[in-house]
Amino acid sequence: MNGAIPKVSSYAWAVVALLWPVAMLNYLDRQMVSTIRASIRADIPSIANDQDFGKLMAVFMGVYAVLSPVGGFVADRFNRRWTVIGSLGVWSAVTWLTGQATTYSQMLWFRALMGISEAFYIPAALALIADFHPGGTRARAVGIHQSGIYAGLALGGIGGYIAQTSSWRNCFTWFGVAGVIYSVVLTLALRDAAGTGGELGNKRNSVTVGDTLRALWLQPAFWILVIYFTLPAIAGWVTKNWLPTYLADTFQLREGPAGLSATGYIQLASFAGVLLGGAIADVWVRVTPRGRIYTSAVGVFLLVPALLGLGWAWSLGAAVAFMMLFGIGWGFFDCNNMPILCQIARPEHRATGYGCMNFVSISVGAGATVLLGWMRDHGVRFAVAFAVSAAVALLSAGLILVVRPRSERDLAMK
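Values in this document were obtained by computation on a predicted structure and should not be read as measured data.

Remarks on the nonpolar core
So, point 1. Among the nonpolar cores identified, the biggest contains 123 residues, and Leu19, Leu186 and Leu190 are the most heavily contacted of them.
So, point 2. With 16 residues, the top contributor of residues to this core is helix 12 (residues 220-251).

Structure representation (structure tokens):
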């Protein structure tokens, strides 16, 4: 990784800018569901308890998990640009339909369909960014894209206020229409990387599912990366899906303030964390090929005191401080997952590799989400879930430090 840093075109940064709103919309939808929980349950009484509501989030996560490797393979084998555009089109339609749901079964179906849509976006988008951004700018580019995720999660908190002042259904109707409009913008402006038409394009056209899975799963480093990607994500899903409820119950907040507090502080800190973590990683990797691994591990170590403190917070102010520490650590972790994968997997396998990582991570997260709903129904404190999440995060930080990444040149010669 030492030596001259390849220059990137201005369009490479335009790709990041074009994808940023899509990342924002994807995650805004996810967070709105948890922040307007009370309004949805009041309007749809067939959602009987918290465990049922947990299933609404879990069915999305389950479908998203199972289809993430499929979405990744489609992006690797065919066309990343159209995978992204198609995903946004389906997302827009399903978001609008969610606002029309009147029964629990309809909500379950629409959340499942949303999982199909989003499974095709993240693997394709991050692989497309990696195509345009070789080593020297990759972590920064991914970090900027991931900041759109945190903007969406933070904006998801306005769902509580829309529900209070208008209707929870308008949250989904309005943003569904916005997605349709933006899909037209992407169709006109987004394109694949130029290199995909040459040697890399030929490799993509000849790649098979078996070849891709063997290339990934026969590498011990990829196994370790999957585990590393999964264990901290348990804490990520727990905070995304249940933190508004935790704050409302613990500090007697109404739905609107609880939603904005849960999403705003963590996501603003995560926004800063991905930008700072990406910049640090791109500098550190010039010193050692493990620079991105080190940056990511620092972030995961920060999650441990954050989770323990959040579980035992003695005031709302203390909870806010621990949420911001969590957000900074998560940002360092999140902006480096695809760049680390790029030091393990060849370009024609990267979207599938990220999809496989999503599959394992989200499958575990879906189980944790339902389990936490069951724990709430049986009176188990949130502090227990936060403590367990901290322990597994600490384990993962030790695992990633044994990975020996390779350079882009070494991967190209394979």
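What follows continues from the structure just given.
Section: the packing of helix 1 (residues 10-35) against helix 6 (residues 122-132)
So, point 1. Contact geometry of helix 1 with helix 6 gives a least axis separation of 9 Å together with a crossing angle of 165°. Between helix 1 and helix 6, the interaxial angle falls into the category roughly antiparallel. Here helix 1 runs over helix 6; the crossing is left-handed. Judged by residue contacts, Tyr11, Ala12, Val15, Val16 and Leu19 of helix 1 engage Ala125, Leu128, Ile129 and Phe132 from helix 6.
So, point 2. Looking at the contact of helix 1 with helix 6 residue by residue, the classes come out as nine nonpolar, no polar and no charged.

Observations concerning a nonpolar patch on the surface
So, point 1. On the surface, Leu276, Ile280, Trp284, Val287 and Val298 cluster together to form a nonpolar patch covering roughly 420 Å² of accessible area.
So, point 2. When residues in the nonpolar patch are grouped by element, the largest group, four residues, is from helix 13 (residues 255-287).
So, point 3. Considering the arrangement of structural elements, one finds leucine 276 in helix 13.
So, point 4. On the basis of relative accessibility, which here comes to 46%, the residue leucine 276 falls in the partly exposed class.

Description of the side chain of serine 147
So, point 1. With respect to the secondary-structure elements, serine 147 resides in helix 7 (residues 138-155).
So, point 2. Residue classification places serine 147 among the buried positions, given a relative accessible area of 2%.
So, point 3. When residues no more than four places from it in sequence are discounted, the contact partners of serine 147 are Trp20, Phe271, Val274 and Leu275.

Thoughts on the pattern of salt bridges
So, point 1. Scanning the entire structure with this criterion turns up eight salt bridges.
So, point 2. In this structure, arginine 111 engages aspartate 29 in a salt bridge whose closest nitrogen and oxygen atoms are separated by 3.1 Å. Taken as a pair, arginine 111 in helix 5 (residues 104-119) and aspartate 29 in helix 1 lie far apart in primary sequence, 82 residues in all.
So, point 3. Arginine 111 sits in the buried class, given a relative accessible area of 3%.
So, point 4. Judged by relative accessible area, aspartate 29 falls into the buried class, the value being 0%.

Quick word on the environment of valine 226
So, point 1. Along the polypeptide, valine 226 turns up in helix 12.
So, point 2. Exposure remark for valine 226: the relative accessible area of 4% places this residue in the buried category.
So, point 3. With near-sequence residues (within four places) excluded, valine 226 lies in contact with Trp217, Met357 and Val360.

Rules behind the numbers
- Residues numbered from 1 in each chain as written.
- Predicted model: local features only at pLDDT ≥ 70, side-chain atom pairs only at ≥ 80, totals over all residues.
- Heavy atoms only, no water.
- Core = buried A, V, L, I, M, F, W, Y, C linked by side-chain atoms within 4.5 Å.
- Buried < 20%, exposed > 50% of the residue type's maximum accessible area, 1.4 Å probe, protein only.
- Helix = DSSP H or I, 4+ residues; strand = E, 2+ residues; numbered from the N terminus.
- Axes fitted to C-alpha atoms, helices over the stretch in contact; angles between N-to-C directions.
- Parallel < 35°, antiparallel > 145°, perpendicular 65-115°, else oblique.
- Left-handed = near helix turned anticlockwise from the far one by under 90°.
- Contact = heavy atoms within 4.5 Å.
- Nonpolar A, V, L, I, M, F, W, Y, C, P; charged D, E, K, R; others polar.
- Patch = residues over 30% accessible without salt bridge, like charges linked within 9 Å, V, L, I, M, F, W, Y side chains within 5 Å.
- Areas by Shrake-Rupley, 256 points an atom, 1.4 Å probe, with all protein chains shown as cover.
- Salt bridge = Lys/Arg side-chain N within 4 Å of Asp/Glu carboxyl O.

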